Amino acid sequence: MASKGRTTTTRRAQTTTPPRSSSEPRRHAERPTPPRPASLPRRKRAVRKVPGRLFVGVAGWSIPSRYGSELPGEGSRLERYARRLQAVEINSSFYRHHRAQTYARWAESVPKTFRFAVKAPQVFTHEGELRAHPEVLDQFADEIDGLGKKLAVVLVQLPPKLEFEAPAARRFFKAMRKRIDAKFVCEPRHRSWSSEKAERLLAELSVARVAADPPLWSGGNEPGGDRGLVYFRWHGQPQKYFSDYGRECLATLEKQIAAAKATEAWAIFDNTAHGHAIGNALSLTSAVEARRKK
């Protein structure tokens, strides 16, 4: 401790800066970057994600002459179709039976990654109203078994007059699942199927509800039922089966597919009357492929 009457002086060390050489460039102090205001968060670029398993196709594999150059090569129409598109929906099964050998021949003519959706016969839905005889169910199951592992989906389209009845729907889909190893989608066309009760039952049975365009009720163009699989079925608008879908409509469909966030998505075009379906499917496929490359 310092004694009284004595002043203590603290001396600061002085540093001498050496003279700057004339050849040394003058350095300017860098200004620190001011922090970004909290009210202006950094914007992230939106990325439109496509499901890992997306199958784009047409109801049938007819090739209009104007698209012949886009589906070139030798072989059957199905073989040419399958070189560009990943899936097809067999609609002829709705009207008539095909032998198991026919299904097997179709399966053998497409790549390993190609998949089939098969429309259930009208005898189950329009005539039987979801009350099919076991023998007829067995026959259908034996026939489509010819597709082997390339069978992915069974589409059950209901007539507009068929109202939702939980017991009938439960019995039918359980009987189908017991016989057929595939995913199931249902395209109801009566408003009663838009109820919460119908949605819950379809989800319970692991049956996806088709997202149809044009929709028959509010929300009918959005996926329903089981959300692990989404199945978009576009019939043409404004004129059903005839109208073409423009670029903006296809971009909207691509956004819907991404928004669904399903593990597997299907987009089937049924506007086949004037041959637009194949063009729409090719356009959507090209757009998705381009996005995946980015």
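Calculation notes
Residues numbered from 1 in each chain as written. Predicted model: local features only at pLDDT ≥ 70, side-chain atom pairs only at ≥ 80, totals over all residues. Heavy atoms only, no water. Core = buried A, V, L, I, M, F, W, Y, C linked by side-chain atoms within 4.5 Å. Buried < 20%, exposed > 50% of the residue type's maximum accessible area, 1.4 Å probe, protein only. Contact = heavy atoms within 4.5 Å. pLDDT = per-residue confidence, 0-100. 1 Å grid on protein atoms, 1.4 Å probe; cavity = no way out; pocket = protein on both sides within 12 Å on 5 of 7 lines; lining within 4 Å. Points joined across faces, edges and corners; volume = space filled by probe spheres on them. Nonpolar A, V, L, I, M, F, W, Y, C, P; charged D, E, K, R; others polar. Helix = DSSP H or I, 4+ residues; strand = E, 2+ residues; numbered from the N terminus. Pairing = 2+ DSSP bridges. Right-handed = clockwise from strand over helix to strand, strands pointing away. Phe/Tyr/Trp six-rings, centres within 6.5 Å; stacked < 30°, edge-to-face > 60°. Lys NZ or Arg CZ within 6 Å of the ring centre and 35° of its normal. Axes fitted to C-alpha atoms, helices over the stretch in contact; angles between N-to-C directions. Parallel < 35°, antiparallel > 145°, perpendicular 65-115°, else oblique. Left-handed = near helix turned anticlockwise from the far one by under 90°.

Here's the deal with the nonpolar core
Logical step 1: Ranked by size, the top nonpolar core spans 69 residues in total, and within it Phe116, Val154, Met176, Ile180, Trp193 and Phe269 carry the most contacts.
Logical step 2: Setting aside residues no more than four positions away along its own chain, isoleucine 180 makes contact with Phe140, Ala141, Ile144, Leu151 and Val154.
Logical step 3: If you look at the next biggest cluster of nonpolar residues, it comprises 15 residues, including Ala117, Val185, Leu229 and Ile268.

Some points on the confidence of the model for the protein chain
Logical step 1: Residues with a pLDDT of 70 or more make up 82% of the protein chain, whose mean pLDDT is 87.
Logical step 2: Under a pLDDT of 50 for its full length, residues 1-30 has, in the predicted model, two contacts with residues more than four places off or in other chains.
Logical step 3: Low pLDDT, under 50, characterises residues 36-48; the stretch is placed with seven contacts to residues that sit more than four places away or in other chains.

Some points on empty space enclosed by the protein
Logical step 1: As enumerated under the stated definition, the model contains one cavity of 30 Å³ or more in all.
Logical step 2: Of the voids in this model, the largest cavity is the one considered here, and its volume is about 70 Å³.
Logical step 3: Lining the largest cavity are Glu187, Pro188, Arg189, Arg209, Val210, Ala212, Pro215, Leu216, Trp217 and Gly220.
Logical step 4: Looking at the lining of the largest cavity, its residues break down into six nonpolar, one polar and three charged.

Considerations on the pairing of strand β3 (residues 115-119)
Logical step 1: Most of β3 is tucked away: five of the five residues are buried.
Logical step 2: Neither face of β3 is left uncovered, since the one carrying Arg115, Ala117 and Lys119 and the one carrying Phe116 and Val118 both have all their residues buried.
Logical step 3: Across four bridges, the pairing between strand β2 (residues 87-90) and β3 is parallel. Bridge pairing links valine 88 to phenylalanine 116 in β3.
Logical step 4: For the crossover that starts at β2, traverses helix α2 (residues 100-108) and ends in the parallel β3, the hand is right-handed.
Logical step 5: Sheet topology note: the β3/strand β4 (residues 151-157) ladder contains four bridges and is parallel. Each residue of the ladder has a partner; that of lysine 119, found in β4, is leucine 155.

With respect to the packing of aromatic side chains
Logical step 1: Using the criterion set out here, one finds 14 aromatic pairs in the structure.
Logical step 2: Where phenylalanine 124 meets phenylalanine 140, the ring centres are 5.7 Å apart and the plane angle is 80°; that geometry is what we call edge-to-face. Pair noted here: phenylalanine 124 is in helix α3 (residues 122-127) and phenylalanine 140 is in helix α4 (residues 134-144), with a separation of 16 residues, a long-range link.
Logical step 3: Exposure remark for phenylalanine 140: the relative accessible area of 1% places this residue in the buried category.
Logical step 4: Judged by centre distance (4.7 Å) and plane angle (50°), the rings of tryptophan 234 and tyrosine 245 are tilted. With a gap of eleven residues between them, tryptophan 234 in strand β9 (residues 229-234) and tyrosine 245 in the loop between β9 and α7 (247-260) connect regions that are remote in the sequence. For the pair tryptophan 234 and tyrosine 245, one class covers both residues: buried.
Logical step 5: Taken together, Phe124, Phe140, Phe172 and Phe173 form an aromatic cluster joined through their ring pairs.
Logical step 6: Across from the ring centre of phenylalanine 94, 4.3 Å away, lies the NZ or CZ of lysine 119, which sits over that ring.

Focus on the packing of α4 against helix α5 (residues 166-179)
Logical step 1: It is the contact of α4 with α5, at a shortest axis distance of 10 Å, that shows an interaxial angle of 45°. With respect to α5, the element α4 is oriented oblique. At the point where α4 passes α5, the crossing takes the right-handed sense. Contacts between α4 and α5 involve Pro134, Leu137, Asp138, Phe140 and Ala141 from the former and Phe172, Ala175, Met176 and Arg179 from the latter.
Logical step 2: The class makeup of the residues in the contact of α4 with α5 is seven nonpolar, no polar and two charged.

Observations regarding the environment of phenylalanine 164
Logical step 1: One can find phenylalanine 164 in the loop between β4 and α5.
Logical step 2: With residues near it in sequence (within four places) discarded, phenylalanine 164 still touches Ser192, Trp193, Ser195, Lys197, Ala198 and Leu201.

Here we look at the sheet that holds β3
Logical step 1: Strand order in the open sheet formed by ten strands is β7-β9-β10-β1-β2-β3-β4-β5-β6-β8, and the pairing between neighbours is mixed. Two strands in the sheet have a free side with no partner beyond their single neighbour: β7 (211-213) and β8 (224-225).
Logical step 2: Strand direction decides the pairing type here: strand β1 (residues 53-59) and β2, joined by three bridges, are parallel. Of the residues in β2, the one forming a bridge with alanine 59 is glutamate 89.

Brief notes about the pairing of strand β10 (residues 264-269)
Logical step 1: Most of β10 is tucked away, with six of its six residues classed as buried.
Logical step 2: Because side chains alternate across β10, one face comprises the buried residues Glu264, Trp266 and Ile268, and the other comprises Ala265, Ala267 and Phe269, equally buried.
Logical step 3: Both β1 and β10 contribute to a ladder of six bridges, which runs parallel. Across the sheet, residue arginine 53 finds its bridge partner in β10, namely glutamate 264.
Logical step 4: For β9 and β10, the ladder comprises six bridges, and the chain directions are parallel. The residue bridging phenylalanine 232 from the neighbouring strand is alanine 267, located in β10.

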